[in-house]
Amino acid sequence: MIIYIDNDFKCHTTNDGTLTAVETESFDGKCTAYIEGFRFIPHGETWTRSDGVTFIGEMSAPWKDYNVLAAYQEMYEAMNEELADADEALAELGVAVDG
Amino acid sequence: MLNFKIVGGTEQPINPSENTIWVNTDADISSWVFSATEPDNPTAGLVWFETAAYSENKFNAIKKNGIYVYPIGCKQYDGGAWVYKQAQTYSNGAWKDWFEYVYKAGETNVLTAIGWKATSGTVYTHVPTVSYSADGVSISGSGNQNASSGVAYFKNKYDLTNKSVLEADVTFTGSSDNALNINGLYVWSAISSGYFSADNAAVARLNEFGTQTLSVDVSSLSGEYYIGFGVRYMNGGPTIKCSEVRLK
């Protein structure tokens, strides 16, 4: 998928015109809240953390509390599962679902 | 009489004496303690030097006889919470970083070097080959078709709370598909049967062959995680040979 990174390598799912597009499979299947809690440093790039430690790409790591991001993703997957169950039930009832 | 000195500040001390311990901090150090476990009821400014059974930075704490201290990490109680602080020791004419070994080739005193477990993880799954030698552990992709992939990871989880950086010294050889490169150093909350490349908390990927250090920012991870390597079989390779894994 295509994500967008800012000049601090933080990930975004939409581009306000100032961001850099990156193609990666690192976030396939992940919800927006999860993706936007990560940093992605592409191969060939270097990021220096505020304490001076340097990381060389390719590296992806959360900048928000990962426990919170994981909880968002869990809720997203549970919701998708419910929607899939609902679609299946409607299909059995012969109710068309607008797509 | 103590055989070491502790200095706080945002710049390394000039003309330090042997066993000077520098804590990179802009907060006043009110007191300090060496302990294997987190101190109870800390006060503002307290520096906790975490100790273990083994450290590259061991030192004799007193001028006579021998009471050796094995520091592996440094935190300061600042703003109502424990905050990771960089610590270095001036030893034999140079500043040395502090860190905790997760794995060190040939070092039986590294208590956390408890072994690896190989498993598989994507559409074309195949358990990697893990072999040990005096200078490291080699993880090789295996399979009967290209794009087979698998993982090798330390059997027990590691507590990454208040840890800052995960590093691994590796040599990457063989062949790889750069368009689908998922070889690298991984942090997982769980080892699932799913696509391990997408199912991780943090990763540093191998994009070039040769000897290198992989570094992962783990400062936003708290709790226990698996640490290991993912490898993807392609044209008979590749191999990740690891000599050290460190946590700071």
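Caption draft 1: Spotlight on the pairing of strand S21 (residues 224-232) of chain B. Residues and elements named next belong to chain B. Along S21, 8 of the 9 residues are buried, which leaves the element largely enclosed by surrounding structure. Note: strand S15 (residues 149-154) against S21, 5 bridges, orientation antiparallel. By the bridge assignment for S21, Ser149 is matched with Arg232. Where strand S16 (residues 158-159) and S21 come together, 2 bridges link them in antiparallel fashion. The residue bridging Asp159 from the neighbouring strand is Glu224, located in S21.

Caption draft 2: Examining helix H2 (residues 66-93) of chain A more closely. All names here are of chain A. The terminal C-alpha atoms of H2, which comprises 28 residues, lie 41 Å apart, in line with the 40 Å expected from a rise of 1.5 Å per residue. For H2, the complete set of buried residues consists of Tyr66, Leu69 and Gln73. A side-chain oxygen of the first residue of H2 lies 2.9 Å from the backbone nitrogen of Asn67; this N-cap is Asp65. In the segment just after H2, Gly94 is the residue with positive phi, at about 80°.

Caption draft 3: Broad picture of the sheet that holds strand S2 (residues 20-24) of chain B. Residue and element names in this part refer to chain B. Here 4 strands make up an open sheet; going across it, the order is S1-S2-S9-S10 and the pairing mixed. Edge positions in the sheet fall to strand S1 (5-9) and strand S10 (94-97), since each has one partner strand and no second. The mean angle between the axes of side-by-side strands here comes to 30°, regardless of whether they run parallel or antiparallel. Two strands pair when backbone bridges link them, and strand S9 (residues 86-91) and S10 are joined in this way by 4 bridges, in the antiparallel orientation. Within S10, the residue paired with Ser91 across the bridge is Ala94.

Caption draft 4: Looking closely at the confidence of the model for chain B. Residue and element names in this part refer to chain B. Confidence in the prediction of chain B, expressed as mean pLDDT, is 85, and 88% of residues score 70 or more. Within chain B, strand S20 (residues 210-217) carries the highest mean pLDDT (96), whereas strand S12 (residues 116-120) carries the lowest (73). Interface predicted TM-score (ipTM) for the complex: 0.89; the corresponding pTM is 0.81.

Caption draft 5: Representation of the sheet that holds strand S2 (residues 11-12) of chain A in the model. Residue and element names in this part refer to chain A. Strand order in the open sheet formed by 3 strands is S2-S1-S3, and the pairing between neighbours is antiparallel. Each edge of the open sheet carries a strand with a single partner, namely S2 and strand S3 (20-23). As paired elements, strand S1 (residues 2-5) and S2 share 2 bridges and run antiparallel to each other. Bridge pairing links Ile5 to Cys11 in S2.

Caption draft 6: Quick look at the interface of chain A and chain B. Contacts between the two partners involve 22 residues from chain A and, on the opposite side, 25 residues from chain B. For the pair chain A and chain B, the summed buried area comes to about 1,800 Å², and 41% of that belongs to carbon and sulfur atoms. Three residues, A:Glu25, A:Glu58 and A:Tyr66, lead the burial of chain A against chain B; their summed loss comes to 30% of the area buried on that side. Between B:Arg205 and A:Glu58 there is a salt bridge; the shortest N-O distance is 2.6 Å. At the boundary of chain A with chain B, the tally comes to 10 residue pairs in polar contact (both at pLDDT 80 or more).

Caption draft 7: Here's a closer look at a negative patch on the surface. Where like charges cluster on the molecular surface, the negative patch consists of A:Glu74, A:Glu77, A:Glu81, A:Glu82, A:Asp85, A:Asp87, A:Glu88, A:Glu92 and B:Asp199. As for its placement among the helices and strands, A:Glu88 is situated in helix H2.

Caption draft 8: Focus on the packing of aromatic side chains. All names here are of chain B. Scanning the entire structure with this criterion turns up 24 aromatic pairs over all chains. Among the aromatic residues, ring-to-ring pairing joins Phe4, Trp32, Phe34, Phe49, Phe59 and Trp98 into one connected group. Note that Lys58 overlies the ring of Tyr68, its terminal NZ or CZ placed 5.1 Å from the centroid.

About the criteria used
Residues numbered from 1 in each chain as written. Chains lettered and ligands numbered in written order. Predicted model: local features only at pLDDT ≥ 70, side-chain atom pairs only at ≥ 80, totals over all residues. Heavy atoms only, no water. Buried < 20%, exposed > 50% of the residue type's maximum accessible area, 1.4 Å probe, protein only. Helix = DSSP H or I, 4+ residues; strand = E, 2+ residues; numbered from the N terminus. Pairing = 2+ DSSP bridges. Expected span 1.5 Å × (residues − 1). Polar contact = N/O pair within 3.5 Å; in protein donor to acceptor, adjacent residues only side chain to side chain. Axes fitted to C-alpha atoms, helices over the stretch in contact; angles between N-to-C directions. pLDDT = per-residue confidence, 0-100. Contact = heavy atoms within 4.5 Å. Buried area = accessible area lost by both parts, 1.4 Å probe. Salt bridge = Lys/Arg side-chain N within 4 Å of Asp/Glu carboxyl O. Patch = residues over 30% accessible without salt bridge, like charges linked within 9 Å, V, L, I, M, F, W, Y side chains within 5 Å. Areas by Shrake-Rupley, 256 points an atom, 1.4 Å probe, with all protein chains shown as cover. Lys, Arg positive; Asp, Glu negative; His and termini not counted. Charge placed at Lys NZ, Arg CZ, Asp CG, Glu CD. Phe/Tyr/Trp six-rings, centres within 6.5 Å; stacked < 30°, edge-to-face > 60°. Lys NZ or Arg CZ within 6 Å of the ring centre and 35° of its normal.

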